[in-house]
Amino acid sequence: MAKPRSAPYEVTLFLAVAAIIAATFVVDGLVPLGTNVWLAYLLPLVLAFMSRLPWLPVLVAATAIIAMAIGVFLSPDGVRPQIAILNRSIAAVVMLILAGLGVAMIRYRLRLTALDWEQRAEVRLAQALQGDPDAATIGERALATLADVLDARAAAAWVAQGPHLKRIAAWGLDADTRGDGDQGHLRRALNEGRVIGLTADPEHALGWRSGLLRGRTVHSVIVPAKVGPVVNGVLEFGLDHPLSDRARDLLEQVSVMLGAELRSAAYRTELHDLIEETRRQAEELRSHTEELAASNEELEEQTSALQISEARLREQQAVLEEQNARLEEQRDAIARSRRQLSDQAQVLARESRYKSEFVANMSHELRTPLNALLIMARLLAENRGRTLSEEQLRWAETIEASGKDLLALINDILDLSKIEAGKVEVNPESVSPAALAGQLKTSFEAQARQKGLDFTLDLAPDIARIVTDPARVGQILRNFLSNALKFTDKGGVTLGVKPDGTGVAISVKDTGIGISESDQKAVFEPFRQADGTISRRYGGTGLGLSISRDLAELLGGKITLDSRPGQGSTFTLHLPDQAPGASAALPPQMPQDMPLGRLPGFTDDRDLPDRTERLLLIVEDDPAFARLLFDLAHEMDFGAIVVGTADDAIRAAHDHRIRGIILDIGLPDHSGMTVLDRLKRDAETRHIPVHVVSANDHIRAALEQGAVSYLLKPVEREALVQALEALGRQLEHHLRRVLIVEDDPAQLEGLRELLRSDEVETQGAATAAEALEACRATTFDCIVLDMTLPDASGFDLLEKLSEDETASFPPVIVYTARALSEAEEQRLRRHSRSIIIKGAKSPERLIDEVTLFLHQVVSDLPPRQREMLAASLNRDAQLEGRRILVVEDDIRNIYALSGIFEPHGAEVQIARNGREALDALARVAEGTAPKVDLVLMDVMMPEMDGLTATREIRRDPRWKTLPIIMLTAKAMADDHAQCLAAGANDYLSKPLDVDKLLSLARVWMPK
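All values derive from a computational prediction rather than experimental measurement. (Residues numbered from 1 in each chain as written. Predicted model: local features only at pLDDT ≥ 70, side-chain atom pairs only at ≥ 80, totals over all residues. Heavy atoms only, no water.)

1. Focus: the overall build of the protein
What counts here: Put simply, DSSP marks the helices as runs of H or I at least four residues long and the strands as runs of E at least two long, and each gets a number from the N terminus on. We call a residue buried when its accessible area falls under 20% of the maximum for its residue type, exposed when it is over 50%, and partly exposed in between, using a 1.4 Å probe and counting protein chains only.
Broken down by element type, the protein carries 27 helices and 29 strands. Taken across its 1007 residues, the protein has 44% of its residues classed as buried.

This is the structure in structure tokens:
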């Protein structure tokens, strides 16, 4: 390809033109005017035609014209100047015309040269792309050819594949240069379809290299390879110089050629793939043809076999038709049977519902009169008026015991109904069979002794713990033991525990009458006994063993019986090491029949005899906090029993020798305040120190009822340690000190004599100064204070005690004949939050309060003090003068409830149903009737039931705070939740526990 003239040629030509013009100018200035030396200016103009610069002829012509004009003035005189000017003007016009022709000639020559260069480049590229190259070969050849034409340093080519660009060739690229092409100006060139020129700083330019050299291209041109609007690829060239116009034109021309070649390569590749696919399919077809031929042969063989089988099938079809006819008849019979079963299932479901409703209603109808019977028998047995003889008291106790037996029968019937309905809950926990046997021995030992029978334990060594429901196991074993003691007249009963595979076997063996083999299955059926005649010797309903058998199955175990008439019987309960669970709950049983509850997964010290001397009762339903208290008690050398309900707390306090109680207020069944009230009003438990640890703030009420201390949760460990240390000191020091502050010597001596006992030391003080000095010198457990003293009032003394940190400040009992006003009580209470001030207007009341705060055991009191305490407990300051609205439709229960509250000084108002209760409260609101302090609401009543009445009462803002305690005899599982949801404060089921009812009334009674 012809190269354009080089730069030295242009320089030489330019110098020659300049030299000729300069020489002509010099000569023209020397010769006379009129000599045509200026014609020599035409020679450099002609030479300018040989340049590649179109502007050079114009420049030469302009320079020559200027030189000719100057020569007119520089030449010596010759011809007339006008003629010389005219000649030279004509020459200037000619020069301008020649300059224009020269510009046109140079441009035309340059255009022809460029076209020749482009054509030669295109021919060279076409020759390079001859044949059927693939896309990569096309890229390599195109880059090599065009890079040489463009004098490029590096180049790369990409082909479009869907939305992405794939690099197919590179020329002269540095190894560090990446070839990413999906983004940037490559994507722009692909989208716009035009040549793009770029310039960059050297440090940002792409690199090129050879064997000896490497560098960077600061100029880049991107060329799309397109066919029409479709761009098939992109080429990029790195240049050391900007892209020239003719090079751009060349690239615009070859882009179409390259696009067509890339498209053809793609077509060729696709065609090659199709040919290969066709060849592969042809081979597969040949293979399939051979397989089909083989299959045809097999099919011919199978056809023959099928013809033979068809004949056999025709024979079998005839047989099947006969069988189908018979099956249709059987299907119709089954459909009729299913319809009958469905009808029977509906009847059974309806009967089951009727049975459940009947049992619930019968429970209500039986418990309602039984409630009145038990309450009245209890009131008679208490003999508050001291009017009954010993024999009459025994009659009352017999009536109460018979009522409890009747209640046990009702519970058995309900238990059986629930078990049959599959609504029994199993609450498994870790149980020690040996410890459970020991508890049962303790419970039944006295009964065996009364009948003159031996009661022994036969425990195998190393009996492992099992996971089962201790309440259900205890219920089964108590039934075994009750039957054994009932049917045994001589000999004894043995309670044995031994391993049984992975579980345990607990047996009850007696030397009683025994059971014949023919009757052994019958004793496990409901309402059946071995001796069911009218002349039978032993009573009973025959429900116990039936219930026990079903409970054993729920626990995953079984009951076996080994008995011979006249030789005794052995009932054995076989239990696995892990009991399954169930759903729903049994109705509540009488507290005396229930074992002491445990927190889930918690083992305490109730079965350890070496812990009884320093035994604590922890009443807490939060297992984590109960564990903390339990561990702390062990650190302080105390044993501990842990329970989680109010009822369990009362039972534990009676059944065990408790030395101190840690009590929570928020318990799941009843408030802890009811526990505190029942403990302090029971002569057997009122001496036990109670430390309250709760998140509820009932400090004043708890301390007034006799609590030793009250700690609010969250409580620091040091405070708990101090409480247990104080309890330990109290157990070690039995002597109590009482300070009596009284200015009357006779009254002082009488009070000292009244309160003195073997465990109580009294000290007198006649003035406030003596009392203050005594409190500084000695720690007292209680102060009995007269408010009128010669040197200061009782208020002044209390203020000084409250301010003096060196003086002890125990509970204070104000012993005065007059009632303290509300303002005086507020003045007393503002000195210290921990002070307890109680008024005592009589010696009996004083004994009650002093023994409460000194935690004295009632049985250890002198006889006179015990009598005075009993007289005081018969009256109730919290109930005295209060008005209780009893909403009850049964006259027997109304009479019984009146007999409970009226002896305690309360006034009872009666309403026969919910409507009458609303009317009574309406009269109270109008001011036409006395104020009502508490409502006892029965659930089942005519006209308006108790739940509806309670909701109506709560809708009235005036009765939002009126305490309502619900009473029900239906004993269904969700009664408690329904009562609380209706707005009741608490709930009791019939037959009512008198102590629990009184305790709830005191707790909820407004202060």
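2. A closer look at the sheet that holds strand β26 (residues 907-911)
Backbone-to-backbone hydrogen bonds pair the strands of a sheet. The strands run either parallel or antiparallel. Operational definition: Strands qualify as paired when DSSP identifies two bridges or more between them. In this analysis, axes come from line fits to C-alpha atoms, helices being fitted only over the stretch in contact, and the angle between any two N-to-C directions falls in the range 0 to 180 degrees. What makes two residues a contact is simply this: any of their non-hydrogen atoms within 4.5 Å.
In spatial order, the strands read β26-β25-β27-β28-β29; together these 5 strands make up an open sheet with parallel pairing. The open sheet has two edge strands with one neighbour each: β26 and β29 (986-989). When strand polarity is set aside, the average angle formed by the axes of neighbouring strands in this sheet is 20°. Across 4 bridges, strand β25 (residues 883-887) lies against strand β27 (residues 934-938) in parallel orientation. Across the sheet, residue Ile 884 finds its bridge partner in β27, namely Leu 934. Most of the contacts of helix α24 (residues 914-926) go to β25, to which it runs at about 155°, and overall it touches β25 and β26.

3. A closer look at the pairing of strand β22 (residues 782-785)
Judged by which residues are buried, β22 turns out to be covered on both faces: Cys 782 and Val 784 on one side and Ile 783 and Leu 785 on the other are all buried. Of the strand pairs in this sheet, strand β20 (residues 736-741) and β22 are connected by 4 bridges, and their pairing is parallel. Following the sheet pairing, Leu 739 is matched in β22 by Ile 783.

4. Side note on a negative patch on the surface
Here is the rule: Think of a patch as exposed residues, more than 30% relative accessible area, with no salt bridge, where like charges cluster within 9 Å and nonpolar side chains (Val, Leu, Ile, Met, Phe, Trp, Tyr) cluster within 5 Å. Areas reported as accessible are Shrake-Rupley estimates using a 1.4 Å probe. Residue values count occlusion only from the protein chains shown. Salt bridges are defined as contacts in which a side-chain nitrogen from Lys or Arg sits within 4 Å of a carboxyl oxygen from Asp or Glu. In summary, the charge assignment counts Lys and Arg as positive and Asp and Glu as negative, without counting His or the chain termini. For this purpose, a charge sits on NZ of Lys, CZ of Arg, CG of Asp or CD of Glu.
On the surface, Glu 297, Glu 298, Glu 300 and Glu 301 cluster together into a patch of negative charge. Mapped onto the secondary structure, Glu 297 falls in helix α7 (residues 245-382). With a relative accessible area of 53%, Glu 297 lands in the exposed category.

5. Structural notes on unusual backbone geometry
The phi dihedral of Asp 637 falls on the positive side, at around 65°, and the residue is not glycine. Along the chain, Asp 637 falls in the loop between α12 (623-635) and β16 (639-643).

6. A closer look at the sheet that holds strand β1 (residues 154-161)
In space, the 5 strands of this open sheet follow the order β2-β1-β7-β6-β3, with antiparallel pairing throughout. Every interior strand has two partners, whereas the edge strands, β2 (164-171) and β3 (196-199), have only one. Each strand axis lies, on average, 20° off the axis of its neighbour in the sheet, ignoring direction. Relative to β2, β1 runs antiparallel, the two being bridged by 7 bridges. From the neighbouring strand, Ala 155 faces β2, where its bridge partner is Trp 171. Helix-sheet contacts for helix α5 (residues 135-150) involve β1, β2 and β7 (230-239), and the interaxial angle to β2 is about 55°. Each of β1, β2, β3, β6 (219-227) and β7 is contacted by helix α6 (residues 185-192), which is oriented at about 160° to β3, the strand it contacts most.

7. Overview of the side chain of Glu 236
Just so we agree on the cut-off: Polar contact is the term for a pair of N or O atoms within 3.5 Å; when the atoms are in protein, one must be able to donate a hydrogen and the other to accept it, and sequence-neighboring residues count only if both atoms are side-chain atoms.
Here Glu 236 lies in strand β7. Of the side chains with opposite charge, Arg 167 lies nearest to the buried Glu 236, which makes no salt bridge, at 9.1 Å. A polar contact is formed between the side chain of Glu 236 and the side chain of Ser 220, at a distance of 2.6 Å. Among residues more than four places away in sequence, those in contact with Glu 236 are Ala 154, Ala 155, Ala 156, Trp 158, Leu 186, Ser 220, Val 221 and Ile 222.

8. Quick word on helix α19 (residues 794-803)
Where we set the bar: Each C-beta atom gives one direction from the helix axis, and the arc is the one those directions make.
Within α19, the full set of buried residues consists of Gly 794, Phe 795, Leu 797, Leu 798 and Leu 801. Around the axis of α19, the buried residues are gathered within 160° of arc, so they sit on the same side.

9. Things to note about the nonpolar core
Quick reminder of the rule: What we call a nonpolar core is a set of buried Ala, Val, Leu, Ile, Met, Phe, Trp, Tyr and Cys residues that are connected through their side-chain atoms within 4.5 Å.
Grouped together as the largest cluster of nonpolar side chains are 35 residues, with contacts concentrated most on Val 473, Ile 476, Leu 477, Phe 480, Ile 559, Phe 571 and Leu 573. If you list the elements that add at least two residues to this core, you get α9 (433-450), α10 (470-486), β11 (492-500), β12 (503-510), α11 (544-554), β13 (558-564) and β14 (568-575). For this core, the element with the highest residue contribution is α10, accounting for 7 residues. In terms of nonpolar packing, the next biggest core, distinct from the first, is built from 31 residues, Trp 117, Val 149, Val 223 and Val 254 among them.

10. Concerning a nonpolar patch on the surface
On the surface, Val 11, Phe 14, Leu 15, Trp 55 and Leu 59 cluster together into a nonpolar patch covering about 500 Å² of accessible area. Counting only elements with at least two residues in the nonpolar patch, the list comes to α1 (7-30) and α3 (55-74). Here the element with the most residues in the nonpolar patch is α1; it accounts for 3 residues. With respect to the helices and strands, the residue Leu 59 is situated in helix α3. Residue Leu 59 is classed as partly exposed on the basis of its relative accessible area of 37%.

11. A short note on the UniProt feature "modified residue: 4-aspartylphosphate" (unreviewed entry) in the protein
Note the following rule: UniProt positions are given in the numbering used here, feature names are shortened, and annotations may be inferred rather than shown by experiment.
Taking the UniProt record as the reference, the feature "modified residue: 4-aspartylphosphate" (unreviewed entry) is found at Asp 664, Asp 786 and Asp 938. Here Asp 664 lies in the loop between β17 (660-663) and α14 (672-680). Once residues lying within four places of it in the same chain are set aside, the contact partners of Asp 664 are Val 619, Glu 620, Asp 621, Gly 672, Val 693, Ser 694 and Lys 713. Leave out the neighbours within four places in its chain, and Asp 938 touches Val 887, Glu 888, Asp 889, Gly 946, Leu 967, Thr 968 and Lys 990.

12. Describing the pattern of salt bridges
According to the stated counting rule, one finds 15 salt bridges in the structure shown. One salt bridge connects Arg 627 with Asp 631, and the closest N-O pair in it is separated by 4.0 Å. A residue pair is termed a helical-turn pair when its members lie 3 or 4 positions apart in one helix, as Arg 627 and Asp 631 do in helix α12 at 4 residues. Take Arg 627: its relative accessible area is 33%, and that puts it in the partly exposed class. You can call Asp 631 partly exposed: its relative accessible area is 35%. Arg 1002 is paired through a salt bridge with Asp 677; the nearest N and O atoms lie 2.4 Å apart. Here Arg 1002 is found in helix α27 (residues 994-1004), whereas its partner Asp 677 is found in helix α14, with 325 residues between them in sequence. Residues Arg 1002 and Asp 677 agree in their burial class; the two are buried. Connected through salt bridges with shared partners, the residues Glu 276, Arg 279 and Glu 283 form a single ionic network.

13. Here's the deal with the packing of α3 against helix α4 (residues 81-128)
The criterion, for reference: Angles are sorted into four bins: roughly parallel if under 35 degrees, roughly antiparallel if over 145, roughly perpendicular if 65 to 115, and oblique for all others. Note on residue categories: nonpolar means Ala, Val, Leu, Ile, Met, Phe, Trp, Tyr, Cys or Pro, charged means Asp, Glu, Lys or Arg, and polar means any other residue, Gly included.
Viewed as axis vectors pointing N to C, α3 and α4 meet at an angle of 170°, and their least axial separation amounts to 8 Å. Taken together, the axis directions place α3 and α4 in an arrangement best described as roughly antiparallel. Judged by residue contacts, Pro 57, Val 58, Ala 61, Ala 64, Ile 65, Met 68, Gly 71 and Val 72 of α3 engage Ile 85, Arg 88, Ala 91, Ala 92, Met 95, Leu 96, Ala 99, Gly 102, Val 103 and Ile 106 from α4. In terms of residue class, the contact of α3 with α4 is made up of 15 nonpolar, 2 polar and 1 charged.

14. Structural notes on the environment of Arg 736
Here Arg 736 shows up in strand β20. On the basis of relative accessible area, Arg 736 is assigned to the buried category, the value being 10%. Taking the C-alpha atoms as reference points, Arg 736 and Arg 756, 20 residues apart in sequence, are found 9.9 Å from one another.

15. Here's the deal with α6
Because an α-helix completes one turn every 3.6 residues, residues spaced three or four positions apart along the sequence face the same direction. Among the residues making up α6, those that are buried are Leu 186, Arg 187, Ala 189 and Leu 190. Relative to the axis of α6, the buried residues are bounded by an arc of 160° and lie together on one face. Tucked inside the fold, the buried residues of α6 contact β1, β2, β3, β6 and β7. Of the residues one or two after α6, Gly 193 is the one with positive phi, at around 70°.

16. With respect to the environment of Val 72
As for its placement among the helices and strands, Val 72 is situated in helix α3. Val 72 sits in the buried class, given a relative accessible area of 13%. As a C-alpha pair, Val 72 and Gly 29 span 43 residues in sequence and 8.1 Å in three-dimensional space. Not counting the four nearest positions on each side in its chain, Val 72 is found in contact with Leu 33, Ile 85 and Arg 88.

17. Some details on the packing of helix α13 (residues 646-655) against α14
Inclusion rule: Definitions for this section: a left-handed crossing has its near helix turned counterclockwise from the far helix by less than a right angle. A right-handed crossing has that turn clockwise.
In contact at an axis separation of 9 Å, α13 and α14 are set at 25° when each is read in the N-to-C sense. It follows that α13 is roughly parallel to α14 by the angle criterion. The handedness of the crossing between α13 and α14 is right-handed. Mapping the contact onto sequence places Ala 646, Asp 647, Ala 649, Ile 650 and Ala 653 in α13 and Val 675, Arg 678 and Leu 679 in α14. Residue classes in the contact of α13 with α14 are distributed as 6 nonpolar, no polar and 2 charged.

18. Some details on the environment of Thr 645
Looking at where Thr 645 falls in the secondary structure, it is placed in the loop between β16 and α13. Between the alpha carbons of Thr 645 and Asp 621 there is a distance of 6.9 Å; along the sequence they are 24 residues apart. Excluding its chain neighbours within four sequence positions, the residues that come into contact with Thr 645 are Val 619, Leu 667, Pro 668 and Asp 669.

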